[in-house]
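# Residue-level structural notes
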Amino acid sequence: QVQVVESGGGLVQPGGSLRLSCAVSGTIFSMYQVTWYRQAPGKERELVAGTSKDGATTYAESVKGRFTISRDNAKNTSYLQMNGLKPEDTAVYYCNTGYFAPGRFWGQGTQVTVSS
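Let me sum up the structure you'll find in this document. What you are looking at is a predicted structure, and each value in this text was computed from that prediction instead of being measured.

## Topic: the pairing of strand β1 (residues 3-7)
Here is the key point about a regular strand: its side chains alternate between the two faces of the sheet. A one-sided burial pattern is seen for β1, the buried positions being V4 and E6 and the unburied ones Q3, V5 and S7. Where β1 lies against strand β3 (residues 18-25), 5 bridges are found, and the strand directions are antiparallel. In the sheet register, S7 faces β3, and the bridge partner there is S21.

## Some details on the nonpolar core
If you look at the biggest cluster of nonpolar residues, it comprises 27 residues, and the most contacted ones within it are W36, V48, F67, L80, M82 and Y93. Mapped onto this core, the elements with two or more residues apiece are β3, β4 (33-39), β5 (46-51), β7 (67-72), β8 (77-82), β9 (91-98) and β11 (110-114). Ranked by the residues each element gives to this core, the list is headed by β3, at 4 residues. Once you skip the residues sitting within four places of it in the chain, M82 turns out to touch G16, S17, L18, L20, R66, F67, Y93 and V112.

## Side note on the side chain of T35
Its place among the elements puts T35 in strand β4. For T35, a relative accessible area of 4% gives the class buried. In this structure the side chain of T35 is engaged in a polar contact, spanning 2.6 Å, whose partner is the side chain of Q33. Setting aside anything within four residues of it in sequence, one finds T35 in contact with L47, A49, G50, Y94, C95, N96 and A101.

What counts and what doesn't
Throughout this description, residue numbers start from 1 for each chain and increase along the sequence as written. Since the coordinates come from a predicted model, pLDDT governs what is reported: local features require at least 70, and pairs of side-chain atoms require 80 or more to be given and counted, while whole-chain, interface and lining totals use all residues. For the side-chain quantities, the full set of heavy atoms in the structure was used; hydrogens and water were omitted. Remark: exposure states derive from per-residue accessible area (1.4 Å probe, protein chains only) relative to the maximum for the residue type, with buried under 20%, exposed over 50%, and partly exposed in between. Comment: elements are numbered from the N terminus, with helices defined as DSSP H or I runs of at least four residues and strands as E runs of at least two. A pair of strands is labelled paired if DSSP reports no fewer than 2 bridges between them. Buried Ala, Val, Leu, Ile, Met, Phe, Trp, Tyr and Cys residues form a nonpolar core when they are joined through side-chain atoms within 4.5 Å. Residue contacts are counted whenever heavy atoms from the two residues lie within 4.5 Å of one another. Polar contacts, as counted here, are pairs of nitrogen or oxygen atoms within 3.5 Å of one another; within protein the pair requires one atom able to donate a hydrogen and one able to accept it, and residues that are adjacent in sequence qualify only if both atoms are side-chain atoms.

Right, here's the structure in full:
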């Protein structure tokens, strides 16, 4: 069965950086798109960044120029490098994967808190 596990969240000061990881097992990862979503308290889940199986990327306007999504098919892992973090980036970040976006498979989420 497919498993999706996020890691790398934590508490960081404004302007700081974090790198989230999404490890996928139980499938041919290279055939899947990967999309990162986030959900802040009291808000709907929103798309943050995505990468197709071919490596094409897309970003929400709010994170363009600050976040970078990547994938390492040899490690069955996607990364979300987050720089210049702002308090409004505080949320639970979820990794989603599957043949199409949104995919069938979700991780459990990792908390990112940006606060001084």
